[in-house]
Amino acid sequence: MSRIFSGVQPTGNLHLGNYLGAIRNFVRLQDDYECIYCAVDMHAITVWQDPQQLKNNVREVAAAYLASGVDPEKSIIFAQSNVAAHAELAWIFNCVARLGWLNRMTQFKEKAGKNRENASLGLYAYPSLMAADILVYKATHVPVGEDQKQHLELTRDIAQKFNNDYGTETFPLVEPLIFGEATRVMSLRDGTKKMSKSDPSDYSRIALTDGPDEIAKKLKKARTDAEPLPEKMEDLSERPEAANLVGIYAALADCTKAEVLAEHAGSQFSSFKPILTELAVEKFGPIGAEMKRLMADPGHVDAVLKDGAERAQALAEPVIREVKETVGFLVS
Ligand code: TYM
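Residues numbered from 1 in each chain as written. Predicted model: local features only at pLDDT ≥ 70, side-chain atom pairs only at ≥ 80, totals over all residues. Heavy atoms only, no water.

Caption draft 1: Highlighting the layout of surface pockets. Size it by volume and the largest pocket reaches roughly 1100 Å³. Lining the largest pocket are 40 residues, and of these Gln9, Gln107, Asp147, Gln148 and Lys194 lie nearest its centre. Of the residues contributing to the lining of the largest pocket, the split by class is 12 nonpolar, 20 polar and eight charged. In this structure, the second largest pocket encloses a volume near 320 Å³. In terms of lining residues, the second largest pocket is bounded by 17 residues, among which Asn94, Leu121, Gly122, Ala125 and Tyr126 are the most central. For the lining of the second largest pocket, a count of residues per class yields 13 nonpolar, three polar and one charged. (1 Å grid on protein atoms, 1.4 Å probe; cavity = no way out; pocket = protein on both sides within 12 Å on 5 of 7 lines; lining within 4 Å. Points joined across faces, edges and corners; volume = space filled by probe spheres on them. Nonpolar A, V, L, I, M, F, W, Y, C, P; charged D, E, K, R; others polar.)

Caption draft 2: Layout of the packing of helix α3 (residues 51-68) against helix α12 (residues 269-296). At a minimum axis distance of 9 Å, the contact between α3 and α12 shows a crossing angle of 135°. One way to sum up the angle between α3 and α12 is to call them oblique. As α3 runs across α12, the sense of the crossing is right-handed. Along the contact surface, α3 presents Asn56, Arg59, Glu60, Ala63, Ala64, Leu66, Ala67 and Ser68, while α12 presents Ile287, Glu290, Met291, Leu294 and Met295. Partitioning the contact of α3 with α12 into residue classes produces eight nonpolar, two polar and three charged. (Axes fitted to C-alpha atoms, helices over the stretch in contact; angles between N-to-C directions. Helix = DSSP H or I, 4+ residues; strand = E, 2+ residues; numbered from the N terminus. Parallel < 35°, antiparallel > 145°, perpendicular 65-115°, else oblique. Left-handed = near helix turned anticlockwise from the far one by under 90°. Contact = heavy atoms within 4.5 Å.)

Caption draft 3: Seen up close, α3. Between its first and last C-alpha atoms α3 spans 26 Å; for 18 residues at 1.5 Å apiece the expected length is 26 Å, and the two agree. Listed in full, the buried residues belonging to α3 are Leu54, Asn57, Val58, Glu60, Val61, Ala62, Ala63, Ala64, Tyr65, Leu66, Ala67 and Ser68. Phi turns positive one or two residues past the end of α3, at Gly69, with a value near 115°. (Expected span 1.5 Å × (residues − 1). Buried < 20%, exposed > 50% of the residue type's maximum accessible area, 1.4 Å probe, protein only.)

Caption draft 4: Layout of the side chain of Ser267. Of note, Ser267 is situated in the loop between α11 (257-264) and α12. Apart from residues no more than four positions distant in its own chain, Ser267 is found in contact with Pro228 and Leu229.

Caption draft 5: Structural context of the pattern of salt bridges. Going through the model one piece at a time under the given rule, you end up with 18 salt bridges. Note that Asp254 is salt-bridged to Arg28, the shortest N-O span being 2.8 Å. You can see Asp254 sitting in the loop between α10 (240-253) and α11 and its partner Arg28 sitting in helix α1 (residues 16-29), a full 226 residues away along the chain. (Salt bridge = Lys/Arg side-chain N within 4 Å of Asp/Glu carboxyl O.)

Caption draft 6: Summary view of the site of the ligand. Taken together, 28 residues sit near the ligand, with Tyr126, Asp133, Asp147, Val185 and Lys197 positioned nearest. Within the side chain of Asp147, an N or O atom sits 2.4 Å from an oxygen atom of the ligand. Take Val185: an N or O atom from its main chain is 2.8 Å from a nitrogen atom of the ligand. In isolation the ligand exposes 700 Å². Once the protein is present, 97% of that is buried. When atom positions are compared with the pocket grids, the ligand is found to occupy the largest pocket. Among the elements of the structure, β1 (3-8), α1 and α7 (121-135) are those that each provide at least two residues to the shell around the ligand. Within the shell around the ligand, the residues separate by chemical class into 12 nonpolar, 11 polar and five charged. (Near = heavy atom within 4 Å. Polar contact = N/O pair within 3.5 Å; in protein donor to acceptor, adjacent residues only side chain to side chain. Areas by Shrake-Rupley, 256 points an atom, 1.4 Å probe, with all protein chains shown as cover. Sits in = over half its atoms within 2 Å of the grid points.)

Caption draft 7: Looking closely at the domain arrangement of the chain. Structurally, the chain comprises domain 1 (3-177 + 298-327) and domain 2 (202-293). One C-alpha centre belongs to domain 1, the other to domain 2, and the line joining them spans 30 Å. Summed over both sides, the interface between domain 1 and domain 2 buries roughly 1200 Å², with carbon and sulfur atoms accounting for 71% of that surface. On the domain 1 side of the interface with domain 2, the three residues burying the most area are Leu16, Tyr19 and Ala67, jointly 39% of the side's total. At the junction of domain 1 and domain 2, the tally comes to one salt bridge. On inspection of domain 1 and its partner domain 2, the count reaches four residue pairs in polar contact (both at pLDDT 80 or more). Elements with a contribution of two residues or more to the side of domain 1 that touches domain 2: α1 and α3. Ranked by residues supplied to the side of domain 1 that touches domain 2, first place goes to α1 with six residues. (Domains from an automatic or database assignment. Buried area = accessible area lost by both parts, 1.4 Å probe.)

Written as structure tokens, this is what we have:
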């Protein structure tokens with residue numbers, strides 16, 4: 001049986017990359033699979049979060065799921081910290097994962113930066129908690145953007161080592177689901193950098209809650225080059241900013257990049273950007289407006305999260321019990 005799990009960090013500034021790389025795919029999978037979608041607040045605190053802001057940001061992630069079309073009747077939406085089994089399994093995985101494996105994680109290196117000695121222990125162990133998120137439900141498939149691939153490889157290594165060490169078949173080997181035309185959306189200010197929640201420049205990303213004016217302003221200012229759009233894909237390979245805007249257009253229009261070029265080859269950015277803006281406003285506007293509506297009265301969001309946590313808890317409970325038995329803990 002296939003089961004889907006994925007998560008988004010409630011660290012504010014949810015953006016176009018989160019939507020096109022992940023959340024939109026969450027919606028597309030829910031008709032065919034049992035899906036569990038989480039706001040990973042325990043991951044968020046691996047770097048400092050203001051407590052009141054964190055609560056709002058958890059609600060914002062849930063609101064983004066709902067506004068994008070995740071159906072809380074079909075899929076489970078909940079906050080990670082509300083199901084204690086994630087933390088329990090993460091500890092067990094901390095004893096399975098090897099230091100050498102974690103030392104290779106590029107995301108840790110990026111986030112810790114030069115001041116590694118001052119990074120939290122949680123930031124280092126982050127991938128082990130992520131493996132626990134997925135495997136505490138024995139999920140088989142994980143829809144994510146490209147940047148999470150290495151973490152999912154580590155999840156497979158942890159599952160395999162656990163199964164080998166204990167001579168069991170407890171955990172499945174998860175498959176990443178990385179699909180669509182925008183699996184790695186780049187910054188609007190620098191086509192070689194990923195669009196990210198933590199970029200200090202607001203102009204680097206389109207936020208899910210941006211209205212039409214903000215979207216128009218940001219796309220207008222987006223960095224490009226002086227050449228018109230080419231006919232062939234290979235002619236985009238040395239033009240990261242142009243390739244990024246074409247990818248965003250393709251993802252929003254639900255077509256391929258080649259189709260975008262077939263239609264717009266020869267266009268200057270001065271004419272392509274307004275068309276892209278119109279499309280982004282059409283696709284994005286309703287999501288942002290619905291998120292704002294949900295956030296203004298979070299009662300509904302809170303009820304969805306509470307119901308989701310109960311359902312997630314019921315699924316996690318037998319798995320964490322089985323794991324504790326396997327490891328040799330006394331289970332009452
Ligand atoms: P996070 O919160 O950084 O991002 C949430 C999702 O958005 C995708 N994403 C992007 N996709 C395309 N282009 C971009 N520029 C871009 N930026 C982000 C991410 O790949 C992700 O799918 N570690 C995860 C959260 C997590 C998780 C999990 C995910 C915790 N436990 C278990 C899956 C399964 C993260 O930091 O996502």
